[in-house]
Amino acid sequence: MSSAPNGLCAYPIVQAPMAGGASCPPLAAAVCEAGGLGFLAGGYKTADGMYQEIKQLRALTRRPFGVNLFMPQTGHVDPAAVEAYRGQLAGEASWYEISLADEDIIGTCDDGYDAKLAILLEDPVPVVSFLFGCPAPAVLASLRGAGTYTVVTATSVEEARRAQEAGADAVCVQGVEAGGHQGTHRDDPQADGTASVGLLALVAQVREAVALPIIAAGGLMRGSQIAALLAAGAEAAQLGTAFLACPESGADPLHKKALTDPLFVRTELTRAFSGRPARGLVNRFMREHGPYAPAAYPQIHHLTSGLRKAAAAAGDPQGMALWAGQGHRLARALPAGELMEVLTAELAEAQSTLKAMQMRSAS
């Protein structure tokens, strides 16, 4: 069985860095100890908060792991559109008996990027990946000089080429099936629902366009799917929703239960919760507010943060951001180490079957 890029782990399985609490030291450690590559999410944390989680993870495992960073957002945001959406959400605030954020949410959009990068250069980790853009070549070169393997998320051939030109060590190719935020380098509202490509097709396209190792991400829940992506040219597969249901995951119990609840039958891409396209289980909040949400990230994320927390506290999944990939109904609530064993066994079986078929066709 092939291993992940650069020999970072025994099996070609990466646990996706799910920001918002799902990715945490216990989950990442369990995946690492089982031979995969565990990830921490740097997004939505302070620089010190990120560093404290890194220290916790190092106390749990000595195996390689990764940390994901959000690239600073530089696009123009219309304050009037954000305020109009605030008005749209007034009924939600009244229902949950909270006040919407009244601070200046049009302010900084860098997620503490420079401070986090400084920490990762001063005290390097094995892998750093990036979402929502591509770092400058000098940043990637500095990380490489510190001994860190760098990965840039791409949702198109053009973005993969940009990552290669900038000097990334690998590219995480994200298909439209993926749960959570689409990692597009530029948020273009005109492209909503039209520009995204399915994972298998995208991996094939990127494989022919760049020489970088590919980590494939998007709706993957079974070892047989991983085998298909490896056969298509990927070096590893990144799974998020599959690990979301694990007991070690920091996701809210309501979120975990919703993955296989018959009440939630499908997923959609929406801007309702964050102002950026993200895939989640369709619920009341998404249906009612998705059509009106502006392209304003991370401003809308901060605006709805209190609502989402209040919904969780009230035990109401209809008001939560239930991020999930298209394969969510295949989720298995197994301990992460046990899930890794199942996935690697399924992968080995699929690869053995494929090899047998190839031998028969060649004879």
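Summarised in this report is the structure supplied together with it. (Residues numbered from 1 in each chain as written. Predicted model: local features only at pLDDT ≥ 70, side-chain atom pairs only at ≥ 80, totals over all residues. Heavy atoms only, no water.)

A few words on the nonpolar core. Val-67, Leu-69, Phe-130, Val-206, Leu-239 and Phe-243 are the most contacted members of the largest nonpolar core, which has 99 residues in total. When residues in this core are grouped by element, the largest group, six residues, is from helix α1 (residues 25–33). The contact partners of Phe-243, leaving out residues within four places of it in the chain, are Ile-13, Val-14, Gln-15, Leu-27, Val-31, Ser-249, Ala-336, Leu-339, Met-340 and Leu-343. (Core = buried A, V, L, I, M, F, W, Y, C linked by side-chain atoms within 4.5 Å. Buried < 20%, exposed > 50% of the residue type's maximum accessible area, 1.4 Å probe, protein only. Helix = DSSP H or I, 4+ residues; strand = E, 2+ residues; numbered from the N terminus. Contact = heavy atoms within 4.5 Å.)

A few words on helix α14 (residues 336–362). Its 27 residues place the ends of α14 39 Å apart at the C-alpha level, agreeing with the 39 Å of an ideal helix rising 1.5 Å per residue. If you follow the buried residues of α14, they end up packed against β1 (13–15), α1, α9 (223–231), β9 (236–239) and α10 (241–244). (Expected span 1.5 Å × (residues − 1).)

Before going further, it helps to spend a moment on the sheet that holds strand β11 (residues 278–281). The sheet built from three strands is open, its strands ordered β7-β11-β10 with antiparallel pairing. Of all the strands in the sheet, the pair left with one neighbour each is β7 (180–181) and β10 (267–270). As paired strands, β7 and β11 are joined by two bridges and run antiparallel to one another. For His-181, the partnering residue across the bridge sits in β11 and is Ala-278. (Pairing = 2+ DSSP bridges.)

Attention now goes to the environment of Ser-274. Mapped onto the fold, Ser-274 is located in the loop between β10 and β11. Spatially, the C-alpha atoms of Ser-274 and His-181 are 9.0 Å apart, while their sequence positions differ by 93 residues. Ignoring any residue separated from it by four or fewer positions in sequence, one finds Ser-274 in contact with His-181, Ala-296, Tyr-297, Pro-298, Ile-300 and His-301. Reaching out from Ser-274, the side chain makes a polar contact with the backbone nitrogen of Arg-276 at a distance of 3.2 Å. (Polar contact = N/O pair within 3.5 Å; in protein donor to acceptor, adjacent residues only side chain to side chain.)

For the rest of this paragraph, the subject is the pattern of salt bridges. All told, the structure shown has twelve salt bridges when counted by the stated rule. The shortest N-O distance in the salt bridge between Arg-86 and Glu-83 comes to 3.0 Å. In this pair, Arg-86 and Glu-83 are both assigned in helix α3 (residues 79–88), three residues apart and thus about one turn of the helix distant. The buried category is assigned to Arg-86, whose relative accessible area is 16%. Two residues, Glu-346 and Arg-332, come together in a salt bridge whose shortest N-O distance is 2.7 Å. (Salt bridge = Lys/Arg side-chain N within 4 Å of Asp/Glu carboxyl O.)

Following the criterion strictly, the structure yields five aromatic pairs and no others. Look at Phe-132 and Tyr-297: their rings are 5.2 Å apart centre to centre, the planes differ by 65 degrees, and that puts the pair in the edge-to-face class. A residue pair is termed long-range when its members are at least 10 positions apart, and Phe-132 in the loop between β4 (127–131) and α6 (137–145) and Tyr-297 in the loop between α12 (284–289) and α13 (299–313) qualify at 165 residues. For the residue pair Phe-132 and Tyr-297, the accessibility class agrees, reading buried in each case. Arranged with centres 5.6 Å apart and planes meeting at 85 degrees, the rings of Phe-273 and Trp-323 form a pair that is edge-to-face. Placement of Phe-273 in the loop between β10 and β11 and of Trp-323 in the loop between α13 and α14 is noted, with a sequence separation of 50 residues between them. Neither Phe-273 nor Trp-323 differs from the other in exposure class; each is buried. Here a set of aromatic residues connected by ring pairs shows up, and it is made of Tyr-44, Phe-70, Phe-132 and Tyr-297. (Phe/Tyr/Trp six-rings, centres within 6.5 Å; stacked < 30°, edge-to-face > 60°.)

Attention now moves to unusual backbone geometry. Put simply, Tyr-297 and Pro-298 share a cis peptide bond, and its omega is 5 degrees. Positive phi values are uncommon outside glycine, yet Tyr-44 reaches one of about 70 degrees. Tracing the backbone through its elements, the reader meets Tyr-44 in the loop between β2 (38–41) and α2 (47–60). Using a relative accessible area of 28% as the deciding quantity, one classes Tyr-44 as partly exposed. Despite not being glycine, Glu-97 has its phi angle at roughly 55 degrees, a positive value. By secondary structure assignment, the location of Glu-97 is in the loop between α4 (90–96) and α5 (113–122).

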